[in-house]
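Examination of the molecular architecture
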Amino acid sequence: MIPVLCVVLCAVVLSAIRVVASPQEPGSAFRLLTSEEGAAVANAVREYERQARGKLDCSHLVHQIYLVAGLDYPYASSFDLYAGSENFRRVKNPQAGDLIVWPGHVGIVLDPAQHTFYSSVQSGLQAELYDGPYWRARGRLRFYRYATESPGSPALVVAQAASRVREIPLLHIAAPATEEGSHDITSASKQPRKAASDATVRVVGTTTAAAAATAVEIPPSILVATGQKQPTHEEIAEAISELSNTAGNVLRGDDPLKPRLPVVFIDHFEVERTEIKRGHGWAYLRIDSRVSIDGERATLKPRREQTRWELRRTKSGWVALTPMERVYVPRDVAVRIFAEQLAQLTQADGTSNREDRTVRNQAQLATLLDDLLNHR
């Protein structure tokens, strides 16, 4: 049984987080970012590059850049952002700083006049042309703009001040690896670019994060590599990473501690080898975890699991199929979801049996969060 003080402190802190990052209350005034504020988001790309340690997948990259710019929102995968988020509004004409989203990939618009955006692609973090052949072939894109309270938050004031002090020049378009020394936009736009996360799932549009989770759930597959060439280990790892981010939707049910399938919270994974013959194959993964849920029981045990993901060649290229026997969710994604749910429970009104159940659920979520954050 966890100490009462721990539960109280955790609830207070998480409630505060929710107040800062929660979507607009019904009837409250909100507005979209101005062009100057959007430019501050785009300029935060350079600041992020100074701080970056390693390469993130596309949805985590965008989330971190918005945090650098002073704007927070509950983390969402590219699938969920495409379906719709309460913290963003879909717009027809983009401006700098807007999100540009495909099912399975997201980036930040840098210059709509030049059709450039910044994201995590297979060759690294760089700018791309979103009207290039590869991105046009990715399907219908959507633009989303951050919605904030009117007239303006302190975070935005800070971001605008930073933008005026340090304007960031437009990043060059990285040339294909086969054309060393070339940074010409025309030549780059003619080359297909491999996104760090691509999917082959139809996402139904909606206006709320909760509805987005219901509509998207877990995509059945994700595009790993275009064409007929066999995918590399890095391409497979990047695709599985983004697909696993979306798998966190299984925790958004009425009872997150009773998911319909066993859930393994990933600390780290690595593609060790592949076996491919003609149009079919397997990717063999090593997954490190410390916490898992099976039925109503959470298990705390460091574990190194050997598993495999099915690969298939389609007309669009190679895809990885979502495992059917269990769900793999990154630990940081699970922490965000459980923290949000705990904050909601602390604000819920209830009496009698319902209140007792709420307190019990709070204790269970607080314990699981403690396990995910602190267990060694």
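Residues numbered from 1 in each chain as written. Predicted model: local features only at pLDDT ≥ 70, side-chain atom pairs only at ≥ 80, totals over all residues. Heavy atoms only, no water.

**Here we look at the nonpolar core**
Among the nonpolar cores identified, the biggest contains 28 residues, and Ile 65, Tyr 66, Phe 88 and Leu 99 are the most heavily contacted of them. Not counting the four nearest positions on each side in its chain, Ile 65 is found in contact with Val 41, Ala 44, Val 45, Tyr 48, Ile 108 and Tyr 118. Residues Tyr 75, Ile 218, Val 263 and Leu 365 belong to the second largest nonpolar core, which totals 24 residues. (Core = buried A, V, L, I, M, F, W, Y, C linked by side-chain atoms within 4.5 Å. Buried < 20%, exposed > 50% of the residue type's maximum accessible area, 1.4 Å probe, protein only. Contact = heavy atoms within 4.5 Å.)

**Section: the confidence of the model for the protein chain**
Taken over all residues, the pLDDT of the protein chain has a mean of 74, while the share at 70 or more is 71%. Strand 2 (residues 88–91) holds the highest mean pLDDT among the elements of the protein chain, 95, whereas helix 7 (residues 185–189) holds the lowest, 32. Overall, residues 157–194 carries pLDDT values under 50, and its contacts beyond four positions in sequence, including any with other chains, amount to 69 contacts. Segment residues 196–216: pLDDT under 50, and 63 contacts once partners within four positions in sequence are set aside and those in other chains are kept. (pLDDT = per-residue confidence, 0-100. Helix = DSSP H or I, 4+ residues; strand = E, 2+ residues; numbered from the N terminus.)

**Points about the pairing of strand 7 (residues 142–149)**
Most of strand 7 is tucked away: 7 of the 8 residues are buried. As paired strands, strand 1 (residues 30–32) and strand 7 are joined by 3 bridges and run antiparallel to one another. Within strand 7, the residue paired with Leu 32 across the bridge is Ala 147. For strand 2 and strand 7, the ladder comprises 4 bridges, and the chain directions are antiparallel. Looking at strand 7, one finds that Phe 88 is bridged to Tyr 146. (Pairing = 2+ DSSP bridges.)

**Here's the deal with the packing of helix 2 (residues 35–51) against helix 3 (residues 58–68)**
Contact geometry for helix 2 and helix 3: axes closest at 8 Å, N-to-C directions at 105°. Between helix 2 and helix 3, the crossing angle belongs to the class labelled roughly perpendicular. Between helix 2 and helix 3, the contacting residues are Val 41, Ala 44, Val 45, Glu 47, Tyr 48 and Gln 51 on the first element and Leu 61, Gln 64, Ile 65, Tyr 66 and Val 68 on the second. Looking at the contact of helix 2 with helix 3 residue by residue, the class counts come to 8 nonpolar, 2 polar and 1 charged. (Axes fitted to C-alpha atoms, helices over the stretch in contact; angles between N-to-C directions. Parallel < 35°, antiparallel > 145°, perpendicular 65-115°, else oblique. Nonpolar A, V, L, I, M, F, W, Y, C, P; charged D, E, K, R; others polar.)

**Looking at helix 2**
Residues separated by three or four positions in an α-helix point in the same direction, a consequence of the helix having 3.6 residues per turn. Between its first and last C-alpha atoms helix 2 spans 25 Å; for 17 residues at 1.5 Å apiece the expected length is 24 Å, and the two agree. Of all the bends in helix 2, the greatest, near 25°, is centred on Val 45. Taken residue by residue, helix 2 has Glu 37, Gly 38, Ala 40, Val 41, Ala 42, Asn 43, Ala 44, Val 45 and Tyr 48 as its buried positions. (Expected span 1.5 Å × (residues − 1). Bend = angle between axes of the 7 residues up to and from the residue.)

**Notes on the side chain of His 105**
Mapping His 105 onto the fold places it in strand 4 (residues 105–111). The exposure class of His 105 is buried, given its relative accessible area of 0%. For His 105, the side chain forms a polar contact with the side chain of Ser 119, separated by 3.1 Å. (Polar contact = N/O pair within 3.5 Å; in protein donor to acceptor, adjacent residues only side chain to side chain.)

**Comments concerning the side chain of Gln 95**
Turning to its location among the elements, Gln 95 is positioned in the loop between strand 2 and strand 3 (99–102). Of the residues examined, Gln 95 reaches a relative accessible area of 13% and is grouped as buried. One polar contact links the side chain of Gln 95 to the main-chain carbonyl oxygen of Leu 33, over a distance of 3.1 Å. Here Gln 95 is in contact with Leu 33, Thr 34, Ser 35, Gly 38, Val 109, Pro 112 and Arg 145, once residues within four sequence places are set aside.

**Some details on the sheet that holds strand 13 (residues 327–330)**
Taken in spatial order, the 6 strands make up an open sheet running 8-12-11-10-9-13, and their pairing is mixed. Of all the strands in the sheet, the pair left with one neighbour each is strand 8 (221–226) and strand 13. With direction set aside, neighbouring strand axes in the sheet form an average angle of 30°. Bridge count for strand 8 against strand 12 (residues 317–321) is 5 bridges, and the pairing is antiparallel. Bridged to Ile 222 within strand 12 is Ala 320. The sheet strands contacting helix 9 (residues 233–246) are strand 8, strand 9 (263–277), strand 10 (280–294), strand 11 (297–313) and strand 13, and the helix crosses strand 9 at an angle near 145°.

**Some thoughts on the pattern of salt bridges**
Inspection of the entire model under this criterion finds 11 salt bridges. The partner of Arg 31 in a salt bridge is Glu 37, with the nearest N and O atoms 2.9 Å apart. Each member of the pair Arg 31 and Glu 37 is classed as buried. What emerges from the salt-bridge pattern is a single network uniting Asp 267, Arg 290 and Arg 331. (Salt bridge = Lys/Arg side-chain N within 4 Å of Asp/Glu carboxyl O.)

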